[in-house]
Structures are given as C-alpha cells and as structure tokens.
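Notes for the structure review
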Amino acid sequence: MHCWRGLEDIPEDWGRSVVTIGSYDGVHRGHQLIIGRAVERARELGVPSVVVTFDPHPSEVVRPGTHPPLLAPHQRRAELMAGLGVDAVLILPFTAAFSQLSPADFIAKVLVDKLHAKLVIEGPNFRFGHRAAGNVTFLAELGATYDYGTEVIELYVSGEAGGGEPFSSTLTRRLIAEGDVAGAAEILGRPHRVEGVVVRGAQRGRELGFPTANVETLPHTAIPADGVYAGWLTVDGEAMPAAISVGTNPQFDGTERTVEAYAIDRVGLDLYGLHVAVDFLAYVRGMLKFESIDDLLVAMAADVKRSSELIAAYERD
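Residues numbered from 1 in each chain as written. Predicted model: local features only at pLDDT ≥ 70, side-chain atom pairs only at ≥ 80, totals over all residues. Heavy atoms only, no water.

The name that an unreviewed UniProt entry assigns to the protein is Riboflavin biosynthesis protein, with the source organism given as Streptomyces glycanivorans. The Sequence similarities (unreviewed entry) comment attached to the protein in UniProt states, word for word, "Belongs to the ribF family." (UniProt positions renumbered as here; feature names shortened; annotations may be inferred.)

Let's shift gears to the overall build of the protein. The helix and strand inventory of the protein stands at 10 helices and 12 strands. For 317 residues, the compact-globule formula gives about 20 Å, and the C-alpha radius of gyration of the protein, at 22 Å, lands near that figure. Looking at the protein residue by residue over its 317 residues, the buried ones come to 49%. The long-range fraction of contacts in the protein, counting pairs at least 24 apart against all pairs at least 6 apart in sequence, stands at 71%. Accessible area of the protein: about 14900 Å², with a carbon and sulfur share of 51%. (Helix = DSSP H or I, 4+ residues; strand = E, 2+ residues; numbered from the N terminus. Rg over C-alpha atoms; globule rule 2.2 N^0.38 Å. Buried < 20%, exposed > 50% of the residue type's maximum accessible area, 1.4 Å probe, protein only. Contact = heavy atoms within 4.5 Å. Areas by Shrake-Rupley, 256 points an atom, 1.4 Å probe, with all protein chains shown as cover.)

What follows covers the pattern of salt bridges. Counted by the stated rule, this structure contains 17 salt bridges. Across the pair Glu309 and Arg306 runs a salt bridge, and its minimum N-O distance is 3.5 Å. In this pair, Glu309 and Arg306 both sit in helix α10 (residues 293-316), 3 residues apart, roughly one turn of the helix. Under the relative-accessibility criterion, Glu309 is labelled partly exposed at 35%. Linked through salt bridges whose partners overlap, the residues forming this network are Arg37, Glu40, Arg41, Glu44 and Glu151. (Salt bridge = Lys/Arg side-chain N within 4 Å of Asp/Glu carboxyl O.)

Before going further, it helps to spend a moment on the layout of surface pockets. Looking at the largest pocket, its volume works out to about 1100 Å³. Taken together, 40 residues line the largest pocket, and the ones lying closest to its centre are Gly22, Ser23, Asn125, Phe126 and Arg127. At the level of secondary structure, the elements contributing two or more residues to the lining of the largest pocket comprise α1 (29-45), α2 (58-62), α4 (96-99) and α7 (169-178). Each residue belonging to the lining of the largest pocket can be placed in one class, and the counts come to 18 nonpolar, 15 polar and 7 charged. (1 Å grid on protein atoms, 1.4 Å probe; cavity = no way out; pocket = protein on both sides within 12 Å on 5 of 7 lines; lining within 4 Å. Points joined across faces, edges and corners; volume = space filled by probe spheres on them. Nonpolar A, V, L, I, M, F, W, Y, C, P; charged D, E, K, R; others polar.)

Bringing the pairing of strand β11 (residues 258-263) into the picture now. Extensive coverage of β11 is indicated by the burial of 6 of its 6 residues. Burial along β11 is two-sided: the residues Thr258, Glu260 and Tyr262 and Val259, Ala261 and Ala263 are all buried. By the bridge criterion, 6 bridges tie strand β10 (residues 238-247) to β11 in an arrangement that is antiparallel. Paired with Ala243 across the strands is Tyr262, a residue of β11. (Pairing = 2+ DSSP bridges.)

Mapped onto the fold, Thr20 is located in strand β2 (residues 17-21). Separated by 2.6 Å, the side chain of Thr20 and the backbone oxygen of Ile121 make a polar contact. Leaving out residues up to four positions away in the same chain, Thr20 has contacts with Ile34, Ile35, Ala38, Val50, Val51, Val52, Ile121 and Glu122. (Polar contact = N/O pair within 3.5 Å; in protein donor to acceptor, adjacent residues only side chain to side chain.)

Let us now look at the sheet that holds β11. Read around the barrel, 6 strands follow the order β7-β8-β11-β10-β9-β12 and close on themselves; strand pairing throughout is antiparallel. Each adjacent strand pair in this sheet contributes to an overall mean axis angle of 45°, direction not counted. Each of β7 (192-199), β9 (227-235) and β12 (275-285) is contacted by helix α8 (residues 181-188), which is oriented at about 120° to β12, the strand it contacts most. This element, α10, spans β9, β10, β11 and β12 of the sheet and lies at about 100° to β12. (Axes fitted to C-alpha atoms, helices over the stretch in contact; angles between N-to-C directions.)

Any empty space left between the atoms is revealed when a probe the size of a water molecule rolls over them. Within the structure shown, the criterion is met by 1 cavity of 30 Å³ or more. Taken as a whole, the largest cavity encloses approximately 30 Å³ of empty space. Forming the walls of the largest cavity are Leu71, Ala72, Arg76, Leu188, Arg190, Pro191, His192 and Arg193. Partitioning the lining of the largest cavity into residue classes produces 4 nonpolar, 1 polar and 3 charged.

The subject of this paragraph is the sheet that holds β2. If you trace the 6 strands from one edge of the open sheet to the other, you get β1-β4-β3-β2-β5-β6, paired in parallel fashion. The open sheet has two free edges, formed respectively by β1 (2-4) and β6 (149-152), since each of these has just one partner strand. Adjacent strand axes in the sheet meet at a mean angle of 20°, parallel and antiparallel pairs treated alike. Relative to strand β3 (residues 49-55), β2 runs parallel, the two being bridged by 4 bridges. Across the sheet, Val18 pairs through a bridge with Ser49, a residue of β3. Its contacts with the sheet place helix α3 (residues 74-83) against β3 and β4 (88-93), and it is angled at close to 165° to β3.

Shown next as structure tokens:
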C-alpha cells in the first residue's frame, strides 16, 4: 500500500481513483463500512482506492488546544486500512493555510488535480473546506463539472456499547475514558490499542516480582481510566497475555500517570527502548491504595489470575 505524506508525494502519472476523505480516527466499524465500500467500488471500476486523512487533527489548527484523544496513530490507521484492501493513504498536513481552502478549491486541488477522482464515497455528515462549509450535496454538484461520481454511505451502526448509541469516534473516546474497554472494542471491532516506547520507571514491579513494561505513550493518546485491565503486550509482532495497570501508582504516592504492562509468566524480558503495543481487552478493577505491601501483592496475584482467565476465555471464543 502507498502512504503519501502530502500532495507532492503523489506520482505524476497517478490515474483515476476512488477516494474517501475523513479523519477516520480508530477506523471503527462505521468507518469500515465507508472504506470497505470504496475498496469494493474501486475493484469494480478497475482503479485504485485512496483514503485521504489529516495530520494533525483539524481541530488542533482551527481551535488550538482542543485536539481530541487519538484512538490510533497514523501508522496504525494505515495498517488497518491496508487490512481492508486500501491501495493508498494520503496524509495531508493540516496547516492554517490549508484550513483556508474553500470547498471548491479543496475539490480542485486534491480530488481533481492530484487524485483524479472517478468516484468519491462519504458518510452523510461529511464536511470539508474553510469553516467546514462544504457538504455532500456540494461535493455531488461539483462532480458534474469535474467528471466524478459521488456515493453517500449511511454509516449507522449500533450495539450494546454506550447503551445503544450509534457507533462513533466520540463515543469510543468516552467509553475508553470511563474504562469501558469492552464497549470500545465492540465499536472498534478489536481491542483498543496504546503504543509507545518502553522507558525505565521506578522498577518497583520488578522488586515485587511483577516486572512491568512502562510505556511512554504517544502524544494525545486515548488512555483508559485508571485501573487494572486484561489484555496483551505486543513486541515485534508477538502478542503476550498481560495484566495492565493505568494510573499514578497511589500505593507509593505517585503523581505521574503511567501505562504499565506485566507480561504474564514471561521471565527475563528486556524491553527498554523498544516500541510496543498494549491492547486493552477487559476491565479488572479500579486503582486502589492498600493497607500494606503484602495486601498489594495479594491483589496483584489476583489481578494476574483474573487477567489470564479473561484472556483465555476470549481466545476460546
């Protein structure tokens, strides 16, 4: 799959294509409907499929300081899109100057001049251009001028997550913030993942017999509520069952919020400096401060046991 970091990366001889545009943070099940339809139509038409997205999130440029917690970094989104069969991902740098493009200029410069769109597929609420003035009606109107078609896909999907609310990135972020990682997984179609480099911490876990990987998460990452979770620690493509702790470590009066993962029954792991992924499968308990270290050790052993049971049950299903 091609991954372009700007309009200048698109090959000069790029032909017609089927295009869909959006932030697509998390590539959740609603997003998958649109992207999957773009891939399907591209194959029917014999042209490549292209997903256009933005970096940073447009809100950070339009309203600085309002960047939403991210469900997936761009590299992860690209991996997920590749898994859906996408041929190319265009990550457009969203600058103050870019935000000033009118809807008509956006269509001309991106969809027509560079991607030579044959068909554009979007959800009903798609907005684009300066002050988000463009919508799917305007997109279709200019299609007659520029010789591209437009399809609007209803991305309404719902389930038990959020009490039956329609699936969205906003709902997913809320559930993660509440610690409902199982609900978030229903929307995403997979467990929520946090990535980063393993750094040295206080090493108390090692002293207590539960050595953890202290993950320095990427900026703006959506991190679950403080507590203990069951999931996986993935290193170099190997997913290891893990008990995961999120919080400030109140037992030792910590102040810095961290994500730490204990790879269950793995001995001698040296992960410092490595980029790892932590997948959150299920909530185990809230973050507590115990009366003694002995009480903490009993709880940690119970956490590991419960995490193992939850992971085993999930893998059997």
